[in-house]
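In case you want the letters, here they are:
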Amino acid sequence: MQRTDAPIGAQQWVPPHPRSIDELKPAAADCHGCELYENATQTVFGRGAPHAKIVFVGEQPGDVEDRHGLPFVGPAGRLLRDAVDDAGIDPAELYITNAVKHFRFELRGGRRIHQNPGPAHITACRPWLVSEFSLLKPKLVVILGATAGKALLGPSFRVTRSRGQLMPWPASAQHPEDFPVAEIQAIATIHPSAVLRADDRETAYRGLVDDLRVAAAAVA
Ligand code: SF4
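As annotated in an unreviewed UniProt entry, the protein chain is Type-4 uracil-DNA glycosylase from Actinoplanes italicus. UniProt lists a comment for the protein chain under the heading Sequence similarities (unreviewed entry), and it reads "Belongs to the uracil-DNA glycosylase (UDG) superfamily. Type 4 (UDGa) family."

In structure tokens, the structure reads:
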């Protein structure tokens, strides 16, 4: 049955004055800020360097990530790691997370089929993302795909229009006050899973690497 009540949001599960990402992670494991926790295996929180220069933000964990409890460990994650290497970004300077921390899916014939998170899930999960940024204080955010773009820049975001361009963030967001963090730069690109789905995978991969080279130069 389709739910009609709005999610209560994650805020009440976020520790008031977290000192590290390691403090956020166990708190997020208990989050019931929206209904996505009910069917998913576990919360999949971000991971990476505690003072990362670059934060990558994707959409939500996929099937493999949901089972392992780690972001970007499936096929899209492997492709992203290759693209990061090819772009000359030091993986030790990265932190990677998702706009929504639980896997949203539909069961079809025993298979879990990915479903995009809705605007209400993005809003409900935003307090975790805000807390991650507040602790990490990165120089740059790399926005991977449309859902992350809408979460960080607002609903009018289009990845085809904005990709590969540096922009100030959160100033470029529709409601910058949603992210009370220091001004940094942002760049959008396609989600690595879009490369895996592309008819011309080689061209799509080259485009992803080109965008990431702009990110690498921005923090060099
Ligand atoms: S998706 Fe986000 S807000 Fe919803 S239950 Fe999971 S952690 Fe909480």
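Residues Lys25, Arg47, Arg78 and Arg81 make up a contiguous surface patch of positive charge. As for its placement among the helices and strands, Arg47 is situated in strand E1 (residues 47-48).

Attention shifts here to the packing of aromatic side chains. Two aromatic rings are characterised by how far apart their centres lie and by the angle between their planes. Applying the stated rule across the entire model yields 5 aromatic pairs. Relative to Trp169, the ring of Phe133 lies with its centre 4.9 Å away and its plane at 45°, an arrangement referred to as tilted. Of this pair, Phe133 sits in helix H4 (residues 119-136) while Trp169 sits in strand E7 (residues 167-169), and the two are 36 residues apart along the sequence. For the pair formed by Phe133 and Trp169, the shared burial category is buried. Taken together, Phe133, Trp169 and Phe179 form an aromatic cluster joined through their ring pairs. When the ring centre of Phe45 is taken as reference, the NZ or CZ atom of Lys101 above it lies at 5.4 Å. Lying across the ring of Phe105, Arg112 places its NZ or CZ 4.9 Å from the centre.

This part is about the pattern of salt bridges. The full count for this structure, using the stated rule, is 11 salt bridges. With a closest N to O distance of 3.1 Å, Arg67 and Asp63 form a salt bridge. Placement of the pair is Arg67 and Asp63 together in helix H2 (residues 63-68), with a separation of 4 residues, close to one helical turn. Between Arg112 and Asp63 there is a salt bridge whose closest N-O contact spans 2.8 Å. One end of the pair, Arg112, is in strand E5 (residues 111-114); the other, Asp63, is in helix H2, with 49 residues separating them in the sequence.

Cut-off values and rules
- Residues numbered from 1 in each chain as written.
- Predicted model: local features only at pLDDT ≥ 70, side-chain atom pairs only at ≥ 80, totals over all residues.
- Heavy atoms only, no water.
- UniProt positions renumbered as here; feature names shortened; annotations may be inferred.
- Patch = residues over 30% accessible without salt bridge, like charges linked within 9 Å, V, L, I, M, F, W, Y side chains within 5 Å.
- Areas by Shrake-Rupley, 256 points an atom, 1.4 Å probe, with all protein chains shown as cover.
- Salt bridge = Lys/Arg side-chain N within 4 Å of Asp/Glu carboxyl O.
- Lys, Arg positive; Asp, Glu negative; His and termini not counted.
- Charge placed at Lys NZ, Arg CZ, Asp CG, Glu CD.
- Helix = DSSP H or I, 4+ residues; strand = E, 2+ residues; numbered from the N terminus.
- Phe/Tyr/Trp six-rings, centres within 6.5 Å; stacked < 30°, edge-to-face > 60°.
- Buried < 20%, exposed > 50% of the residue type's maximum accessible area, 1.4 Å probe, protein only.
- Lys NZ or Arg CZ within 6 Å of the ring centre and 35° of its normal.

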